Amino acid sequence: SQNYNVVGVMSGTSLDGVDLVHMHLVRQSTYTFHILHTQTVSYNKEWKSRLANAINLSEHDLVSLNKDYTQLLATIINEFISANHIKELVCVCSHGHTIYHEPALGRTLQIGNLPQLATLLQQRVVCDFRIADVALGGQGAPLVPIGDKLLFSDYTHCLNLGGFANISFEHNHRRVAFDICPVNVVLNHYALLLGKMYDEGGAFAKAGKVNTAILKQLNDLEYYHLEAPKSLGMEWVNEHVWKILDQLLDEDLDKLATFTEHIAIQIVKAVGDATSVLVTGGGAYNTFLLQRLSAHSKTQFIVPQPAIVEFKEAIIFGLLGVLRLRNEPNCLASVTGAPYDHISGVVYVP
């Protein structure tokens, strides 16, 4: 068997912070992994607001943001490596932070993927996993399904509840995956107005009332009737979601109740008659949302150990980096819509 000592790094759209995982990835007939250390480093207020506003920056200002963010990422990763006395890494595999993702326009930008990252870390870095796919005409997303297939095949479906909900599963011997609907990017927004960073356990949503007219407008949005491959970004939320929910004027609890119900309905529609669904991402701790899923479906929704709930994407980016170094395909045409499976990711050496 071959053993790869790697660090996987991920920053999600909900701006929770940077997820880091140190693991050994073992390749025998299949891939298995052993988690050694994990950490989430939260963004401070200034970085949260810089990242949230980045979508409005000029090209020139984005260049300097990218440099600053790469520096921040290097500091975070270096501190993680030294705090845990990590030695002899094969590579650091980093997703970066998405600023915009508009594959239809052939545009995608993940910052923090500059060559200087390798120099600052004095480590080999594999990063920028989306650009090759977008250049081929693919969606550049989702990237995680190959990891679901290689590392989590015990479950029929893998559901991640992060900023957005996405799902991946085998259908007719092909991996199918797509974004289902927004989750925490919307729930966190209204929780903040109620004075909390997020709706803990779904308590706010549980206290609100579902507005059936608004629920219908959400469920009628065109995206939900499109075939996969398809993916969502903040652009779509800004264009469609706020104006529907904001008809409820100041009823933030009802907005949360209605949107949580909407999420449950869309997820149940997406999982169909799945037998076992692995649930990861911050939304896995939203007990009220999980209750709503069970109310609508007989499917078993399984929440694994916290390290997998919280760090699954970072774990998979570790795998993507190793696949890149092995020159094995790490991007599936069946999920991104690219013309063929291919090897994505840029390798930098110090």
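Just so we're clear, the structure is a prediction, and the values are computed from it rather than from any experiment.

Undergrad: Outline the overall build of the protein chain, supporting the account with residue identities and numerical values.
TA: Per the secondary structure count, the protein chain includes 13 helices and 13 strands. Computed over C-alpha atoms, the radius of gyration of the protein chain comes to 19 Å, within 12% of the 20 Å expected from 2.2 N^0.38 for 350 residues, which places it in the range of a compact globule. Each of the three principal axes of the protein chain carries a C-alpha extent, and together these read 55 × 45 × 40 Å. The burial tally for the protein chain puts 56% of its 350 residues in the buried class. The contacts of the protein chain with a sequence gap of at least 6 include a subset with a gap of at least 24, amounting to 68%. Side-chain charges of the protein chain comprise 25 positive and 33 negative groups, with the mean position of each set lying 3 Å from the other.

Undergrad: Outline the nonpolar core, listing residues and values.
TA: Counting residues in hydrophobic clusters, the biggest one holds 49 residues, and the most contacted among them are Leu-159, Ile-180, Val-186 and Ile-267. A per-element tally of this core places helix H10 (residues 252-271) first, with eight residues. Among all residues touching Ile-267, those that are not within four sequence positions of it are Leu-159, Leu-161, Ala-165, Ile-180, Leu-293 and Phe-301.

Undergrad: Residue-level account of the sheet that holds strand S1 (residues 2-11), with values.
TA: The strand order across the open sheet built from six strands is S3-S2-S1-S4-S7-S13, with neighbouring strands paired in mixed fashion. One side of each edge strand has no neighbouring strand; the edge strands of this open sheet are strand S3 (31-41) and strand S13 (346-348). Pairs of neighbouring strands in the sheet enclose a mean axial angle of 20°, with direction left out of account. Inspection of the sheet shows S1 paired to strand S2 (residues 18-27) by 10 bridges, in the antiparallel sense. Bridging from a neighbouring strand, Asn-3 pairs with Val-26 of S2. In this fold helix H2 (residues 59-83) packs onto S1, S2, S3 and strand S4 (91-94), with an angle of close to 60° to the strand it touches most, S2. Each of S1, S2, S3, S4, strand S7 (125-127) and S13 is contacted by helix H12 (residues 306-325), which is oriented at about 55° to S2, the strand it contacts most.

Parameters and conventions
- Residues numbered from 1 in each chain as written.
- Predicted model: local features only at pLDDT ≥ 70, side-chain atom pairs only at ≥ 80, totals over all residues.
- Heavy atoms only, no water.
- Helix = DSSP H or I, 4+ residues; strand = E, 2+ residues; numbered from the N terminus.
- Rg over C-alpha atoms; globule rule 2.2 N^0.38 Å.
- Buried < 20%, exposed > 50% of the residue type's maximum accessible area, 1.4 Å probe, protein only.
- Contact = heavy atoms within 4.5 Å.
- Lys, Arg positive; Asp, Glu negative; His and termini not counted.
- Charge placed at Lys NZ, Arg CZ, Asp CG, Glu CD.
- Core = buried A, V, L, I, M, F, W, Y, C linked by side-chain atoms within 4.5 Å.
- Pairing = 2+ DSSP bridges.
- Axes fitted to C-alpha atoms, helices over the stretch in contact; angles between N-to-C directions.

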